[in-house]
Amino acid sequence: MPVKIRLQRHGKKGKPFFWIVAADTRAKRDGKFLDKLGIYNPNTNPATIELDVDGAVKWLQNGAQPTDTARAILSYKGALLKKHLAVGVKKGALTEEQAEEKFKAWLEEKEGKVDAKKDSLDKAKEAEKAKALEAEKEANAKREAEAKEAEEAEAKAAAEAEAATAEATDEATVEQAEEDVEAATAEEAKAEDKKDA
């Protein structure tokens, strides 16, 4: 029975979530499988991969063929390296301890790279947040300045209107006073004319 190590899709529409399985090549993509080896979640950044490395190596040694994506995942998690080291041990090129040391060293290096990527992503996210906050502060300051300018313009317009009103009332009172003075002088002139007559 030809066996393939492949991905079996789960999850909802637009949010795929995969099981890594060893299945008969004739079985449906999401159908019957022989062994579940792990999970792969591409929705997170970096992608979440949980894999039973020893189980994958066992299936690879028994002749299971991984699909392209499954091969990339197995390589990323070190299953292909472990299989390669196991072949070296079988041929006598390495001892079991040497192979285990090499695999552990590779795992540590890989974990360091993944942690570095996570750190860089976190830093980028923080920098983006800081930039957005700065832009928001700038926009708020601009809005406040515009509101202040509008308030000042309103106050200035109100003051001008008040001054114009005061000026108009002053002019009106001056005119009224002049009219009163003219009327008073006219009455005096009439009175004098009456006295003279």
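Everything in this summary refers to the structure shown in the same document. Here the structure is a predicted model, which means the values were calculated and not measured.

## Observations regarding the side chain of Arg-6
Looking at the element boundaries, Arg-6 is found in strand E1 (residues 3-12). In this structure, Arg-6 is buried with no salt-bridge partner, the nearest side chain bearing the opposite charge being Asp-24 at 7.2 Å. Looking at Arg-6, its side chain comes within polar contact range of the main-chain oxygen of Ala-27, at 2.9 Å. For Arg-6, the side chain forms a polar contact with the main-chain oxygen of Lys-28, separated by 3.1 Å. When sequence neighbours within four positions are dropped, the list of residues in contact with Arg-6 reads Trp-19, Ile-20, Val-21, Ala-23, Asp-24, Thr-25, Ala-27, Lys-28, Arg-29, Thr-67 and Ala-70.

## Regarding the pattern of salt bridges
Under the defined criterion, the tally for this structure stands at 4 salt bridges. Its salt-bridge partner being Asp-24, residue Arg-26 comes within 3.0 Å of it at the nearest N-O pair. Measuring nitrogen to oxygen at the nearest pair gives 2.8 Å for the salt bridge that ties Lys-82 to Asp-54. Of the two residues, Lys-82 is situated in helix H3 (residues 79-91) and Asp-54 in helix H1 (residues 53-61); the sequence distance between them amounts to 28 residues.

## A few points about the sheet that holds strand E4 (residues 48-51)
Taken in spatial order, the 5 strands line up as E4-E3-E2-E1-E5 in an open sheet, and their pairing is mixed. Two strands bound the open sheet, and with one partner strand each, they are E4 and strand E5 (65-66). As defined by bridge partners, strand E3 (residues 35-41) adjoins E4 across 4 bridges and the pair is classed as antiparallel. Among the inter-strand pairings, Tyr-40 is bridged to a residue of E4, identified as Ile-49.

## Let's talk about the pairing of E4
Burial of E4 is one-sided: the residues Ile-49 and Leu-51 facing one way are buried, the residues Thr-48 and Glu-50 facing the other way are not. Count of turn residues in the E3/E4 antiparallel hairpin: 6 residues.

## Overview of the environment of Ala-183
Along the polypeptide, Ala-183 turns up in helix H4 (residues 96-196). Judged by its relative accessible area of 37%, Ala-183 is partly exposed.

Conventions we followed
Residues numbered from 1 in each chain as written. Predicted model: local features only at pLDDT ≥ 70, side-chain atom pairs only at ≥ 80, totals over all residues. Heavy atoms only, no water. Helix = DSSP H or I, 4+ residues; strand = E, 2+ residues; numbered from the N terminus. Buried < 20%, exposed > 50% of the residue type's maximum accessible area, 1.4 Å probe, protein only. Lys, Arg positive; Asp, Glu negative; His and termini not counted. Salt bridge = Lys/Arg side-chain N within 4 Å of Asp/Glu carboxyl O. Polar contact = N/O pair within 3.5 Å; in protein donor to acceptor, adjacent residues only side chain to side chain. Contact = heavy atoms within 4.5 Å. Pairing = 2+ DSSP bridges.

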